[in-house]
Amino acid sequence: MTITEGPALEVGSARRRKEDARLITGRTTWTENVTLPGMLHLAILRSPMAHARITAIDVAPALAVKGVVDVFSGRDVADVQGSLPCAWPVTEDMVRPDRPPIAVDEVRFMGEAVAVVAARSRAAALDAIAAIEVDYESLPTVLDLEAAIADDADLVHADKGTNKGYTWVFDSAAAGTGGDAAAAIDGAELVIRRRYVQQRLIPAFMEPRSVVVDPTGDVYSIWSATQIPHILRFLLSVVTGTPEHKVRVIAPDVGGGFGGKLQVTPEELITFIAARRLGKPVKFTESRSESLVSAHHGRDMIQDVELAARRDGTVVGLRVKLLANMGAYMGLVGPGVPILGAFMYNAIYKFPAYRFECVGVFTNTVITDAYRGAGRPEATYAIERIMDELADELGLDPLEVRRRNWINADEFPFTTVCGLQYDSGDYAKATDRAMELFGYDELRQEQQARRDTGDSVQLGIGVSTYTEMCGLAPSRVLGSLRYGAGGWETASIRVLPTGRVEVVTGTSPHGQGHETAWSQIVADQLGVAFDDVEVLHGDTRTSYKGLDTYGSRSLAVGGIALYNACQKVIEKAKPVAAHMLECDPADIEFTGGQFRVRGNPDGGRTLADCSLAVFAAHDLPDGIEPTLDADAVYDPVNFSFPHGTHLCATEVDTETGRVTIRKYVAVDDVGRVINPLIVEGQVHGGVAQGIAQALFEEAVYDSDGNLMTGTFVDYTLPTAADLPSIVTDRTESPAPDHPLGTKGVGEAGTIASTPAVVNAIVDALRPLGVHDIAMPCTPERVWRAVQGGAA
Amino acid sequence: MTRVSIKVDGVDYEDDVEPRTLLVHHLREQLGKVGTVVGCDTSNCGACTVLMSDADGHQRSVKSCSVLAVQANDREIITIEGLSGPDRTLHPVQRAFHQAHGLQCGFCTPGMIMAAVDLLEENADPSEEEIREGLEGNLCRCTGYQNIVRAVREASAEIRAGHGTAEPAPPTPRAGEGETPDSGLRREDVPDETIPQPVP
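Everything numeric in this text was worked out from a predicted model, so none of it was measured.

Cut-offs applied
- Residues numbered from 1 in each chain as written.
- Chains lettered and ligands numbered in written order.
- Predicted model: local features only at pLDDT ≥ 70, side-chain atom pairs only at ≥ 80, totals over all residues.
- Heavy atoms only, no water.
- Helix = DSSP H or I, 4+ residues; strand = E, 2+ residues; numbered from the N terminus.
- Rg over C-alpha atoms; globule rule 2.2 N^0.38 Å.
- Buried < 20%, exposed > 50% of the residue type's maximum accessible area, 1.4 Å probe, protein only.
- Contact = heavy atoms within 4.5 Å.
- Pairing = 2+ DSSP bridges.
- Axes fitted to C-alpha atoms, helices over the stretch in contact; angles between N-to-C directions.
- Domains from an automatic or database assignment.
- Buried area = accessible area lost by both parts, 1.4 Å probe.
- Salt bridge = Lys/Arg side-chain N within 4 Å of Asp/Glu carboxyl O.
- Polar contact = N/O pair within 3.5 Å; in protein donor to acceptor, adjacent residues only side chain to side chain.
- Nonpolar A, V, L, I, M, F, W, Y, C, P; charged D, E, K, R; others polar.
- Core = buried A, V, L, I, M, F, W, Y, C linked by side-chain atoms within 4.5 Å.
- Disulfide = S-S within 2.5 Å.
- UniProt positions renumbered as here; feature names shortened; annotations may be inferred.
- Expected span 1.5 Å × (residues − 1).

1. Examining the overall build of chain A
Piece 1. Tallying secondary structure elements over chain A gives 21 helices and 27 strands in all.
Piece 2. Computed over the C-alpha atoms, the radius of gyration of chain A is 28 Å, within 12% of the 28 Å expected from 2.2 N^0.38 for a compact globule of 791 residues.
Piece 3. Here the C-alpha coordinates of chain A stretch approximately 90 × 70 × 50 Å along the principal axes.
Piece 4. Per-residue burial over chain A gives 65% buried out of 791 residues.
Piece 5. In chain A, of all internal contacts separated by at least 6 residues, the share reaching a separation of at least 24 is 80%.

Rendered as structure tokens:
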């Protein structure tokens with residue numbers, strides 16, 4: 001083992017990832033790789049109808065298929081299947097219909113589970129599924145958000161009497177955090193009103209969801225491709241009535257999530273029910289088509305935005321009315337997604353008055369829930385689009401309008417019109433850097449030249465200045481928003497006798513590189529080698545407590561818990577080192593990986609020396625507990641607020657509607673960076689997902705509620721050939737509330753990029769009279785806008 | 001049931017398969033080659049890409065979800081688990097994906113690496129655009145492809161510099177014979193200089 005000498009070496013270095021070793025050699029532990037003796041395979045029959053009454057199910061033909069062990073419908077397990085949980089009743093009177101994992105009498109979206117087969121092979125299970133006969137009686141289908149909340153609307157849940165799940169309001173005047181938005185709008189020199197539509201998206205993680213439940217032994221062991229093993233354990237226990245200590249959840253290698261695996265799924269409960277019923281290990285792995293139709297979707301909102309301003313460009317008020325499609329039921333955190341967004345509509349700006357009103361609407365579609373950014377990309381899109389409209393109205397450069405409204409670096413910490421306290425940042429610095437890398441002025445000149453010559457390919461420049469809230473979240477804030485859990489995170493450090501260290505984290509990575517970043521932090525803090533740290537996660541028997549990975553919280557919250565645990569280890573080791581060095585513990589200092597007598601650079605003791613002494617425990621003084629292990633739980637005192645400026649140049653072919661991204665620059669300020677390689681990778685991936693919303697992706701239901709984009713043939717994820725290389729850089733405003741200064745990065749790229757791209761397309765076409773194009777901006781839509789705009 | 005004889009990662013296997021069995025399911029479920037994964041059911045994502053010898057014996061990438069196991073009869077398959085050389089060093093493409101941070105969750109990675117190996121076999125010095133077009137059949141949701149492209153470029157430079165050609169394969173063991181059922185790389189055998197490893 002080597003000792004890190006001198007100042008911190010690991011944090012800030014572009015360490016190649018520990019995780020890669022198994023991933024590039026195919027030695028991974030995906031849930032689908034788990035095979036147990038006697039394991040049965042499940043297949044699920046899904047509703048082909050968006051809304052229908054189930055009048056009869058005949059499972060007998062399926063039972064006759066060779067290899068089939070069991071077939072059951074929702075009615076067969078109605079008494080034991082419980083209801084899927086919703087952890088975020090955003091209002092006291094929120095309508096929360098029961099949501100059985102398998103439909104009992106009525107199906108409410110295409111893809112809802114209707115019956116289940118357990119068989120000795122997956123092939124047999126699939127054969128048997130095809131043999132089940134179901135009679136449906138069609139019911140009226142509710143799909144359109146505005147129609148759904150009309151007085152005479154057909155109902156998704158007839159017994160609830162309404163399709164309005166909740167109405168949630170934030171008013172800065174009522175909250176005492178700002179002025180009256182209505183008054184500001186009524187008295188304004190200028191009001192811009194726009195409607196923006198956030199199309200429905202599908203997270204489309206690459207690893208399909210998979211669950212294995214083993215009921216043999218003393219506990220239920222559940223492997224699941226989930227982002228939230230701890231939350232899943234707790235809620236599985238609550239929903240199924242199984243004592244929590246009899247439930248073990250293991251989230252091994254998980255192949256992507258993006259919020260899409262932040263859910264307690266029907267499939268997890270169905271597999272649990274089957275395993276309990278049969279007393280044998282059971283596995284369910286979805287096909288991609290099942291995934292697209294039944295795993296939750298994201299976005300799907302209609303935003304009506306009113307922005308009031310003075311003629312000098314100063315915004316005086318903002319009012320947002322939102323319709324948010326919940327789908328047929330309330331998801332785990334789905335109702336809260338627009339509420340998270342509510343706090344971000346004012347973005348980086350000093351808006352003095354704000355009102356937000358959101359209605360969560362039931363429709364006959366699969367639920368929506370968290371998808372990368374969860375509420376914040378939607379808010380950022382709307383505000384960054386409409387700020388461009390304001391700039392256009394006033395004949396100002398889009399960046400100039402932003403400058404006139406944004407919070408200046410010397411004004412931090414700044415309390416916003418929503419009552420959030422932004423911690424730190426420097427929007428001017430990030431913007432200047434982005435403009436420099438982009439060649440802003442040169443591209444504006446080229447744009448003008450193309451306009452002057454009437455070039456059929458027009459150049460557009462898109463601006464997106466954003467902030468977001470990471471480090472979800474202070475528990476008291478979550479409590480005030482009626483979220484069901486807290487926002488703390490845990491870390492444990494086990495110092496082994498040889499001085500190697502096992503770190504247990506309550507976060508649950510699925511591609512973010514926690515094993516590497518956590519090792520870097522521990523290496524610096526404890527003076528052990530990077531390779532002498534092993535990071536353990538994703539098994540509730542190892543990591544018994546935690547709140548998992550979503551909302552860019554892992555490092556900004558879990559990283560601080562880890563930092564605090566390191567400090568506890570050092571404090572525990574000091575008296576041990578003092579004993580060895582025959583001095584007073586108060587005279588011990590820990591520097592450069594050595595416990596030393598203060599003022600004496602020689603003869604220090606390492607953590608390994610102390611751990612061996614503690615392991616032997618032969619001659620420790622009375623009162624020293626022979627362990628260096630430590631736990632820490634950290635509840636953040638505030639969110640952290642990364643920010644940045646993204647600039648996009650698009651070439652728009654006015655004859656074909658084709659959009660090409662010519663240049664993309666992302667300058668992000670995510671606080672202090674632990675590993676620049678990982679941060680850059682997160683930005684790349686995030687920007688790609690945001691570009692995909694702008695240009696490619698849309699989940700489409702037809703008028704009968706059939707998902708038309710139910711395969712990767714129809715739901716167009718961008719390929720390598722569809723995306724540009726982007727230029728990234730960073731500014732760094734450390735989070736002042738956090739000892740590591742980290743802010744969070746996972747969602748930044750997605751939040752910033754969508755408005756940058758669409759602003760660029762609209763900017764290219766403004767001289768043709770185009771002021772908006774619905775997303776995704778396909779060639780056809782762009783071409784139609786050009787035709788309409790030019791007419 | 002149909003008898004098939006397939007060499008996978010340097011080992012000869014003979015098995016009875018249902019005629020409808022896809023190669024990917026045969027690899028995963030009968031041979032335990034779970035390094036090759038299934039990401040979709042429409043041959044779009046490429047996560048299951050492996051190398052399969054063609055009639056002339058050249059190794060070409062195929063999506064193993066769109067090949068029947070019986071079609072692989074008498075062919076040689078190389079999966080991610082058998083990509084490393086006989087001396088168990090990483091293939092230059094594997095190494096480059098690690099160096100260039102060309103993966104995050106890693107689910108698409110085996111297929112992406114196999115597709116990249118074939119791409120570089122065809123074109124030793126591809127441009128960025130050629131790499132992007134060459135990998136169009138493989139979807140990644142994490143990386144935005146930027147570092148994947150970088151990894152392929154770095155691998156191509158390394159291969160052209162002569163560090164990438166694998167030694168001739170040793171005699172083929174048969175399943176159940178010899179010490180190891182494949183020529184793959186155990187985690188502890190990954191060289192320290194390439195992959196950070198716990199020191200034993």
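2. A short note on the sheet that holds strand β26 (residues 659-669) of chain A
For sheets, the rule is that strands pair by backbone hydrogen bonds, running either parallel or antiparallel.
Residues and elements named next belong to chain A.
Piece 1. Pairing in this open sheet of four strands is mixed, and the strands run β18-β25-β26-β27 from one edge to the other. Single-partner strands in this sheet number two, and they are β18 (457-467) and β27 (727-730). Ignoring strand direction, the axes of neighbouring strands in this sheet form an average angle of 10°.
Piece 2. Summarising the sheet, β18 and strand β25 (residues 643-653) pair through 11 bridges and their orientation is antiparallel. Counted as the bridge partner of Ser-464 is His-646 from β25.
Piece 3. This element, helix α19 (residues 676-695), spans β25, β26 and β27 of the sheet and lies at about 140° to β26.
Piece 4. Across the face of the sheet, helix α20 (residues 748-765) comes into contact with β18, β25 and β26 while running at roughly 145° to β18.

3. Focus on the sheet that holds strand β2 (residues 11-17) of chain B
All names here are of chain B.
Piece 1. Taken in spatial order, the five strands of this open sheet run β2-β1-β5-β3-β4, and their pairing is mixed. Edge positions in the open sheet fall to β2 and β4 (59-63), since each of these has one partner strand only. Across the sheet, the mean angle separating the axes of adjacent strands is 35° when strand polarity is ignored.
Piece 2. Its contacts with the sheet put helix α1 (residues 23-30) on β1 (2-8), β2, β3 (49-53) and β5 (76-78), and the angle it makes with β2 is roughly 105°.

4. Some words on the pairing of strand β21 (residues 533-536) of chain A
Piece 1. Taken together, the four bridges between strand β20 (residues 501-505) of chain A and β21 of chain A define a ladder with parallel strand orientation. Within β21 of chain A, the residue paired with Val-503 of chain A across the bridge is Val-535 of chain A.

5. Details of the pairing of strand β1 (residues 40-46) of chain A
Residues and elements named next belong to chain A.
Piece 1. Across the seven residues of β1, seven count as buried, placing the element largely inside the fold.
Piece 2. On β1, burial covers both faces: Leu-40, Leu-42, Ile-44 and Arg-46 on one face and His-41, Ala-43 and Leu-45 on the other are all buried.
Piece 3. In the sheet, β1 pairs with strand β12 (residues 282-285) via two bridges, with the strands oriented parallel. Its bridge partner being in β12, Leu-40 is matched across the sheet by Val-282.
Piece 4. Sheet topology note: the β1/strand β5 (residues 113-119) ladder contains six bridges and is antiparallel. Bridge assignment links Ile-44 to a residue of β5, and that residue is Val-116.

6. Thoughts on the domain arrangement of chain B
Residue and element names in this part refer to chain B.
Piece 1. When the domains of chain B are assigned, the result is domain 1 (2-78) and domain 2 (92-162).
Piece 2. A separation of 21 Å is found between the C-alpha centroids of domain 1 and domain 2.
Piece 3. Here domain 1 and domain 2 share an interface that buries about 1,000 Å² over both sides, 57% of which is from carbon and sulfur atoms.
Piece 4. A salt bridge links Asp-118 to Arg-60, with the nearest nitrogen and oxygen atoms 3.1 Å apart.
Piece 5. Linking domain 1 with domain 2 are seven residue pairs in polar contact (both at pLDDT 80 or more), by the criterion used here.
Piece 6. Those elements giving two or more residues to the side of domain 1 that touches domain 2 turn out to be β3 and β4.
Piece 7. Residues belonging to the side of domain 1 that touches domain 2 are distributed by class as follows: seven nonpolar, seven polar and two charged.

7. What about the nonpolar core?
If you look at soluble globular proteins, the nonpolar side chains tend to sit buried side by side.
Piece 1. Grouped together as the largest cluster of nonpolar side chains are 207 residues, with contacts concentrated most on Trp-168, Tyr-354, Phe-356, Leu-390 and Ile-761 of chain A together with Phe-97 of chain B.
Piece 2. The greatest single-element share of this core, amounting to nine residues, is contributed by helix α11 (residues 376-394) of chain A.
Piece 3. Contact partners of Leu-390 of chain A, with chain neighbours within four places excluded, come to Leu-190, Ile-192, Leu-307, Ala-309, Gly-313, Val-315 and Val-401 of chain A.
Piece 4. By size, the runner-up hydrophobic cluster in this structure holds 44 residues, among which are Val-11, Val-576, Ala-577 and Phe-590 of chain A.

8. Observations regarding the domain arrangement of chain A
All names here are of chain A.
Piece 1. Per the domain assignment, the segments making up chain A are domain 1 (19-26 + 488-634), domain 2 (34-139 + 206-256 + 261-293) and domain 3 (439-468 + 640-790).
Piece 2. Computed from C-alpha atoms alone, the centre-to-centre distance between domain 1 and domain 2 is 40 Å.
Piece 3. Between domain 1 and domain 2, a total of about 1,500 Å² is buried, with carbon and sulfur atoms accounting for 49% of that surface.
Piece 4. Linking domain 1 with domain 2 are two salt bridges.
Piece 5. Between Arg-22 and Asp-253 there is a salt bridge, with the nearest N and O atoms lying 2.9 Å from each other.
Piece 6. Summed over the shared surface of domain 1 and domain 2, the number is 10 residue pairs in polar contact (both at pLDDT 80 or more).

9. Details of the state of the cysteines
All names here are of chain A.
Piece 1. Under the counting rule described, the total for this entry stands at zero disulfides over all chains.
Piece 2. Cys-610 supplies the cysteine sulfur nearest to Cys-566, a cysteine that is in no disulfide, at a spacing of 15 Å.
Piece 3. For Cys-566, a relative accessible area of 0% puts it in the buried group.

10. Here's the deal with the interface of chain B and chain A
Piece 1. The interface is formed by 53 residues belonging to chain B together with 60 residues belonging to chain A.
Piece 2. Summed over both sides, the interface of chain B with chain A buries roughly 4,700 Å², with 54% coming from carbon and sulfur.
Piece 3. Scanning the region where chain B abuts chain A turns up three salt bridges.
Piece 4. For the salt bridge of Arg-141 of chain B with Glu-697 of chain A, the shortest nitrogen-to-oxygen distance reads 2.5 Å.
Piece 5. For the interface between chain B and chain A, the tally reads 26 residue pairs in polar contact (both at pLDDT 80 or more).
Piece 6. Among the secondary structure elements, those contributing two or more residues to the side of chain B that touches chain A are α1, α2 (92-99), α3 (109-122), α4 (128-134) and α5 (146-160) of chain B.
Piece 7. Tallying contributions element by element places α2 of chain B first for the side of chain B that touches chain A, with four residues.

11. Side note on the UniProt feature "domain: Aldehyde oxidase/xanthine dehydrogenase a/b hammerhead" (unreviewed entry) in chain A
Piece 1. Residues annotated by UniProt as "domain: Aldehyde oxidase/xanthine dehydrogenase a/b hammerhead" (unreviewed entry) correspond here to residues 25-140 of chain A.
Piece 2. Split by type, residues 25-140 of chain A is 10% helix and 30% strand. Its first and last C-alpha atoms lie 51 Å apart.

12. Brief notes about α5 of chain B
Piece 1. The end-to-end C-alpha separation of α5 of chain B is 21 Å, in line with the 21 Å expected for 15 residues at 1.5 Å each.
Piece 2. Restricting attention to buried positions, one finds in α5 of chain B the residues Gln-146, Asn-147, Ile-148, Val-149, Ala-151, Val-152, Ala-155 and Ser-156 of chain B.
Piece 3. Turning to α5 of chain B, the residues buried within the fold contact α19 of chain A together with α2, α3 and α4 of chain B.
Piece 4. Gly-162 of chain B sits one or two positions beyond α5 of chain B and adopts a positive phi of about 95°.

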